[in-house]
Amino acid sequence: MRVIAGTARSLPLKCPEGLDVRPTTDRIKETLFNMLQADVPGSIFLDLFSGSGAIGIEALSRGAEKAYFLENSVKAFSCISQNLAFTKLENRAIVIKQDVCSALGSIREKEVDLVFLDPPYKSGCEQDVLSVLSTMPYVTDRTLIVVEASLDTQFPYLEDLGYYLDREKRYKTNKHVFIRKCRE
């Protein structure tokens, strides 16, 4: 696993040990950031269920102004901190070791541009996190939320939470779902 592009390009990243971590492959990460390339520079980026921190680090490497990493695992928290130090991106990063839904309330930004969440597949966490995000003042109709999920994960509750499905990108084993808040 490595940083694909930007100031930390080609630097290898550590991954926390264990079966509960499922890093986004370099190919899928590259496809995702090709789709987000115009939105990343200067952005405020949230990486939820961060794991190794690879997605948020990629955003910082490509010019995000600041990235928040929310992760509850001690091993993953340590790994994110090591990866940020190794890539020399820690000065633009805030790492929060806490349950994601609880940690969302501690973010003090006027507006967040991009939110990436990659919860454990088939855990149902997506709905809980999206519900909390819908109440956060920093999530506006300009905020793009990207959920990495298994191919069979459905989002029938989006409208009830005040969101709409912007688009979906399917891969062999998973997908990225792009969600926006409805205009008020």
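Described in the following lines is the structure provided in the data block.

1. A word on the overall build of the protein
Next, step 1: When you go through the protein residue by residue, the secondary structure sums to five helices and seven strands.
Next, step 2: Listing each helix as α and each strand as β along the protein from the N terminus yields α-β-α-β-α-β-α-β-α-β-β-β.
Next, step 3: Since a compact globule built from 184 residues should have a radius of gyration of about 16 Å, the 15 Å found for the protein is in line with a globular shape.
Next, step 4: Its C-alpha atoms put the protein at 40 × 35 × 30 Å along the principal axes.
Next, step 5: Taken across its 184 residues, the protein has 48% of its residues classed as buried.
Next, step 6: In the protein, once contacts between residues fewer than 6 apart in sequence are set aside, the share between residues at least 24 apart is 65%.
Next, step 7: Counting every atom, the protein has about 9,000 Å² of accessible surface; 50% of that belongs to carbon and sulfur.
Next, step 8: Charged side chains in the protein number 24 positive and 25 negative. The centres of these two groups are separated by 5 Å.

2. Remarks on the environment of Ser 134
Next, step 1: Following the sequence through the fold, Ser 134 ends up in the loop between α5 (125-133) and β5 (144-150).
Next, step 2: Placed 97 residues apart in sequence, Ser 134 and Gln 37 show a C-alpha to C-alpha distance of 25 Å.
Next, step 3: Those residues in contact with Ser 134, other than ones at most four positions away along the chain, are Leu 161, Tyr 163 and Lys 181.

3. Description of the packing of aromatic side chains
Next, step 1: Counted according to the given criterion, the structure contains two aromatic pairs.
Next, step 2: Ring geometry for Phe 33 and Phe 45: centres 6.5 Å apart, planes at 20 degrees, overall stacked. Taken together, the residues span a long stretch of sequence, with Phe 33 in helix α1 (residues 26-36) and Phe 45 in strand β1 (residues 44-48) at a distance of twelve residues. Note on accessibility: Phe 33 and Phe 45 belong to one class, buried.
Next, step 3: Ring centres of Phe 155 and Tyr 157 lie 6.0 Å apart, and the angle between their planes is 55 degrees; on these two criteria the pair is classed as tilted. The pair formed by Phe 155 and Tyr 157 is uniform in burial state, with each residue classed as buried.
Next, step 4: Its guanidinium or amino end placed over the ring of Phe 178, Arg 167 lies 4.3 Å from that ring's centre, counting from NZ or CZ.

Here is what the cut-offs are and how they apply
Residues numbered from 1 in each chain as written. Predicted model: local features only at pLDDT ≥ 70, side-chain atom pairs only at ≥ 80, totals over all residues. Heavy atoms only, no water. Helix = DSSP H or I, 4+ residues; strand = E, 2+ residues; numbered from the N terminus. Rg over C-alpha atoms; globule rule 2.2 N^0.38 Å. Buried < 20%, exposed > 50% of the residue type's maximum accessible area, 1.4 Å probe, protein only. Contact = heavy atoms within 4.5 Å. Areas by Shrake-Rupley, 256 points an atom, 1.4 Å probe, with all protein chains shown as cover. Lys, Arg positive; Asp, Glu negative; His and termini not counted. Charge placed at Lys NZ, Arg CZ, Asp CG, Glu CD. Phe/Tyr/Trp six-rings, centres within 6.5 Å; stacked < 30°, edge-to-face > 60°. Lys NZ or Arg CZ within 6 Å of the ring centre and 35° of its normal.

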